[in-house]
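Analysis of the macromolecular model
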Amino acid sequence: KGVPAALVMASARSMLRAVAQASESPGDVLGRANDPLATDIPTNMFVTCFYAVLDPKSGSLSYANAGHDLPYRRRRSGNDAEELRARGMPLGSMPGMFYEEKETILDAGESVLFYSDGLVEAHDPEGEMFGSPRLRSLVAEHDGEEERSLVNLLMKELYSFTGEGWEQEDDITLVTLERSEEL
């Protein structure tokens, strides 16, 4: 969204990296990064961020959210996608914010989908948004087979939804995290 947004993101990224060196707590990292950003970035701008720390041995995933779209966790059994919820305002929106921190355990074979809002806010030719309910349903239905990666499935569904000639309005980033079967 232009040079100003790129500069804000570079500043936020640098701030998060610096603060992360001094804390292992996702909520603390977001809180400590927020205050300087609230004074440094333009008043009409902010940064959404979902910050998570995974312990690969135990499967513990600690996380905090600064106004970002909620990731979906897909359990190994059942056809459901669970939102990873934690409260917090976008970074830079106002100083002194508290970021709720939560923790979950990823069992072997379970996965989490992280994504940017460009996916759920994409529109079809009639103006309907792809939306979170559609995304949640697709994540829940995904069987986890490697040949059919979730990212590939979602991009195929998005292109089918938007139709030919679609002009992308925003960035689309998809990242999946899966705990391996080997413990």
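Report follows, based on the coordinates. (Residues numbered from 1 in each chain as written. Predicted model: local features only at pLDDT ≥ 70, side-chain atom pairs only at ≥ 80, totals over all residues. Heavy atoms only, no water.)

**A look at the pairing of strand β1 (residues 49-55)**
Definition in use: Here the rule is simple: two strands pair whenever DSSP picks up at least two bridges between them. Numbering goes from the N terminus for both helices and strands, where a helix is a DSSP run of H or I of at least four residues and a strand is a run of E of at least two.
Sheet topology places β1 next to strand β2 (residues 60-66); seven bridges connect them, and they run antiparallel. Its bridge partner lying in β2, D55 is registered against S60. The antiparallel hairpin formed by β1 and β2 contains four residues in its connecting segment, where G59 sits at a positive phi of about 85°.

**So, the nonpolar core**
Inside soluble globular proteins, nonpolar side chains tend to come together where they are buried. Spelled out, the test is: In plain words, nonpolar cores are sets of buried Ala, Val, Leu, Ile, Met, Phe, Trp, Tyr and Cys residues tied together by side-chain atoms within 4.5 Å. With a 1.4 Å probe rolled over the protein chains alone, any residue whose accessible area is under 20% of its type maximum counts as buried; one over 50% counts as exposed, and the rest are partly exposed. Working rule for contacts: check all heavy atoms of both residues, and any pair within 4.5 Å makes them a contact.
Counting residues in each nonpolar core, the largest one holds 19 residues, and the members touching the most others are L113, Y115 and L135. The set of elements that each furnish at least two residues to this core consists of β6 (111-115), α3 (117-120), α4 (132-141) and α5 (150-162). Counting residues per element, this core draws most heavily on α5, at six residues. Every residue in contact with L135, bar those within four places of it in the chain, is listed here: Y72, L113, Y115, L119, V120, F130 and L154. Counting 16 residues, the second largest nonpolar core, distinct from the first, contains V29, A33, C49 and Y51.

**Some thoughts on the sheet that holds β2**
As a general point, the strands of a sheet are linked pairwise by backbone hydrogen bonds and lie either parallel or antiparallel. Worth spelling out the cut-off: Lines fitted to the C-alpha atoms define the axes, with helices restricted to the stretch that makes contact. Angles between their N-to-C directions range from 0 to 180 degrees.
The three strands lie next to each other as β1-β2-β5, forming an open sheet whose pairing is antiparallel. Of all the strands in the sheet, just β1 and β5 (101-105) have a single pairing partner and so form its edges. The sheet shows a mean angle of 20° between the axes of neighbouring strands, taken without regard to direction. Bridging between β2 and β5 involves five bridges; their strand directions are antiparallel. Paired with S62 across the two strands is E103, which belongs to β5. The strands touched by helix α2 (residues 26-40) within the sheet are β1, β2 and β5, with β2 carrying the most contacts at an inclination of about 25°.

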